[in-house]
Amino acid sequence: MTNTSDSPVTLITGGGSGIGAATARRLLDQGHRVTVTGRGEERLSRFAEELGKPAGLLTIVGDAADYDSVRAAVESTVKEFGRLDTVVANAGFATHDTLADGDPAGWREMVLTNVLGPALLIRAALPALKETRGRIVLVGSVAGFVNTPGNIYGATKWAVTGLAENTRRMVTEYGIGVTLIAPGRVETPFWDAMGSLPPGVLLTAGQLAESLVWAIGQPSGVDVNTVVVRPIGQPV
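Keep in mind that what you see is a predicted model, and the values were worked out from it rather than measured. (Residues numbered from 1 in each chain as written. Predicted model: local features only at pLDDT ≥ 70, side-chain atom pairs only at ≥ 80, totals over all residues. Heavy atoms only, no water.)

J.: Let's hear about the overall build of the protein chain: which residues, and what values?
T.: Assigned secondary structure in the protein chain consists of 6 helices and 9 strands. Its C-alpha atoms give the protein chain a radius of gyration of 17 Å, near enough to 18 Å, the size a compact globule of 236 residues would have. A principal-axis box enclosing the C-alpha atoms of the protein chain has dimensions of 50 × 40 × 35 Å. Put simply, the protein chain has 236 residues, and 49% of those count as buried. Relative to all contacts within the protein chain whose residues are 6 or more apart in sequence, the contacts with residues 24 or more apart total 68%. Here the protein chain displays about 11,300 Å² of accessible surface, and carbon together with sulfur accounts for 52% of that area. Separation between the mean location of the 20 positive side-chain charges and that of the 23 negative ones in the protein chain comes to 5 Å. (Helix = DSSP H or I, 4+ residues; strand = E, 2+ residues; numbered from the N terminus. Rg over C-alpha atoms; globule rule 2.2 N^0.38 Å. Buried < 20%, exposed > 50% of the residue type's maximum accessible area, 1.4 Å probe, protein only. Contact = heavy atoms within 4.5 Å. Areas by Shrake-Rupley, 256 points an atom, 1.4 Å probe, with all protein chains shown as cover. Lys, Arg positive; Asp, Glu negative; His and termini not counted. Charge placed at Lys NZ, Arg CZ, Asp CG, Glu CD.)

Here's what the structure looks like:
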């Protein structure tokens, strides 16, 4: 049955684990309705099961870098919940290599997911967000502000940094807010490909989720644009 209550609705890409899942949990606890997307059906199903399959949660299998998938997720969200207030472009990953030693075969998917993905979400969600005067939250990275030798992942996040401000300038006339959340090192499945976590202190996914939920919950008319969040002790 379509849920058309007045409680806010958020769509999170890459929401089945890590930062996206932690954010979804907190929003659901606050009475929001949430759609999470991801490429792994099993992971999404497990996430829904862990939460007890709440009525306010919609899970959708799809590729954040495929426009048809993204558009379908937006349309399904509006059909199910009756509105869309916030989108969170969270899907992303790193190949953890450099221009000197990396495998170019992995770079294409990283660039498409990290850069094209947020752009597609903005394009697909804009009509619905105009109606609610909603918010766009992009998950960037400290790597999008600090140069690292040969790092291609960092280059994709520099692109997200630019996309956030370019988007803000486009949508501010419609009453839509845009926030870039740029985390430092976070303990999430992001590091799985490396086989271990990096040294030093890391944020938890839950700690970073607090920043996303804070940005989403800003009062109407308030536009917080850039939030850089590091664990205390991260030097760069």
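J.: Describe the nonpolar core, with residues and values.
T.: In this structure, L84, V87, I136 and L138 are the most contacted members of the largest nonpolar core, which totals 28 residues. Breaking this core down by element, the ones donating at least two residues are β1 (9-12), β3 (57-61), α3 (67-81), β4 (86-89), α4 (104-132), β5 (135-139), α5 (152-171) and β6 (177-183). Ranked by the residues each element gives to this core, the list is headed by α4, at 8 residues. Other than its neighbours up to four places away in sequence, I136 contacts V87, I122, L129, T167, I176, G177, V178 and T179. Core analysis: the next-biggest nonpolar cluster, separate from the first, contains 26 residues, V88, A215, I216 and V224 among them. (Core = buried A, V, L, I, M, F, W, Y, C linked by side-chain atoms within 4.5 Å.)

J.: Now, about the environment of K53: what can you tell me, with residues and values included?
T.: Along the polypeptide, K53 turns up in the loop between α2 (41-50) and β3. Here the side chain of K53 touches E49 through a polar contact of 3.2 Å, side chain to side chain. (Polar contact = N/O pair within 3.5 Å; in protein donor to acceptor, adjacent residues only side chain to side chain.)

J.: Pulling in residues and values, what's your account of helix α6 (residues 205-216)?
T.: Here α6 spans 16 Å end to end across 12 residues, near enough to the 16 Å set by a 1.5 Å rise per residue. With 9 of its 12 residues buried, α6 lies for the most part within the structure. Among all positions of α6, only A205, G206, L208, A209, S211, L212, V213, A215 and I216 are buried. (Expected span 1.5 Å × (residues − 1).)

J.: Report on α3, specifying residues and quantitative values.
T.: Here α3 contains 15 residues, and its C-alpha end-to-end distance of 21 Å stays within 8% of the 21 Å for a straight helix at 1.5 Å per residue. Those residues of α3 that sit buried are V70, A73, V74, T77 and F81. The buried residues of α3 all sit within an arc of 95° when viewed along its axis, so they share a single face. Exposed side of α3, more than 90 degrees from the buried face: E75 and K79 are the residues found there. Of the residues trailing α3, G82 is marked for its positive phi of about 85°. (Arc of directions from axis to C-beta.)

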